[in-house]
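# Structural overview
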Amino acid sequence: MAEVRRKGGDSSDQLSVLGQYEVQFSLFKEKSFQWLAENGLGYAEWLVDNMRTETATTAPLSKNKYSFKNYLNSFFPMARVLCS
């Protein structure tokens, strides 16, 4: 939440906070969800497509991936790209 406030955002806005979560996997590890959505759309699309065969678990990596997927799906234009 501190990062959201530092950037002048609303720390009570769940989407803003989620956008500052850090990716815990792949070559984009430690990049924010927002950064990856803005700069790695092709990878994001590939990841979400590949997650269709996965089952969510309580493992930290799984939680991080599904949080990222939920973040992406919160944007209507992104959801259209990811669902096509």
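Coordinates for the structure precede this section.
Reference entry: report on the structure contained in this document. (Residues numbered from 1 in each chain as written. Predicted model: local features only at pLDDT ≥ 70, side-chain atom pairs only at ≥ 80, totals over all residues. Heavy atoms only, no water.)

### Observations regarding the packing of aromatic side chains
Heads up, the condition is: Aromatic rings from Phe, Tyr and Trp, taking only the six-membered ring of Trp, are treated as a pair when their centres fall within 6.5 Å; an angle between ring planes under 30 degrees marks them as stacked, one over 60 as edge-to-face, and anything in between as tilted. We count a stretch as a helix when DSSP gives it H or I for four or more residues in a row; a strand needs E for two or more, and each element gets its number in order from the N terminus. Accessibility here uses a 1.4 Å probe with only protein chains present; expressed as a share of the type maximum, an area under 20% marks a residue as buried, one over 50% as exposed, and anything in between as partly exposed. Placement of a positive charge over a ring is assigned whenever Lys NZ or Arg CZ falls within 6 Å of the ring centre and within 35 degrees of the normal to the ring plane.
Scanning the model with the defined rule gives 6 aromatic pairs in all. Between the aromatic rings of Y21 and F33, the centroid separation amounts to 5.7 Å while the plane-to-plane angle is 55°, which identifies the pairing as tilted. Pair noted here: Y21 is in the loop between α2 (14-19) and α3 (33-39) and F33 is in helix α3, with a separation of 12 residues, a long-range link. Its relative accessible area of 39% is what places Y21 among the partly exposed residues. Among the residues examined, F33 registers a relative accessible area of 0% and is labelled buried. Ring centres 5.2 Å apart and planes at 70° place the aromatic pair F33 and F68 in the edge-to-face group. Linking F33 in helix α3 with F68 in helix α5 (residues 60-73), this pair joins segments that are 35 residues apart in sequence. Members of the aromatic cluster, joined through ring pairs, are Y21, F33, F68 and Y71. The ring of W35 carries the charged tip of K31 above its face, separated from the ring centre by 4.7 Å.

### Remarks on α5
Convention followed: In this scheme, a helix's expected span is set at 1.5 Å multiplied by one less than its residue total.
With 14 residues, α5 extends 20 Å from end C-alpha to end C-alpha; this agrees with the ideal 20 Å at 1.5 Å per step. Within the sequence span of α5, burial applies to S62, N64, K65, Y66, F68, Y71 and L72.

### Notes on the side chain of K65
We count it as follows: Polar contacts, as used here, are pairs of N or O atoms within 3.5 Å; protein pairs need one atom able to donate a hydrogen and one able to accept it. Residues neighboring in sequence count only if both atoms are side-chain atoms. Working rule for contacts: check all heavy atoms of both residues, and any pair within 4.5 Å makes them a contact.
Position of K65 relative to the elements: it lies in helix α5. Residue K65 is classed as buried on the basis of its relative accessible area, which comes to 14%. A distance of 2.8 Å separates the side chain of K65 from the side chain of E54, its partner in a polar contact. When near neighbours in sequence (up to four residues on either side) are disregarded, K65 contacts F25, L47, M51 and E54.

### Structural notes on the environment of Q34
Along the chain, Q34 falls in helix α3. Spatially, the C-alpha atoms of Q34 and Y71 are 8.5 Å apart, while their sequence positions differ by 37 residues. Beyond its immediate stretch of four places on either side in the chain, Q34 contacts G19, Q20 and Y71.

### Examining the side chain of N64
Structurally, N64 is set in helix α5. For N64, a relative accessible area of 9% puts it in the buried group. In contact with N64, other than residues within four places in its own chain, are E22, V23, Q24, F25 and F33.

Shape is all these values report; function is a separate question.
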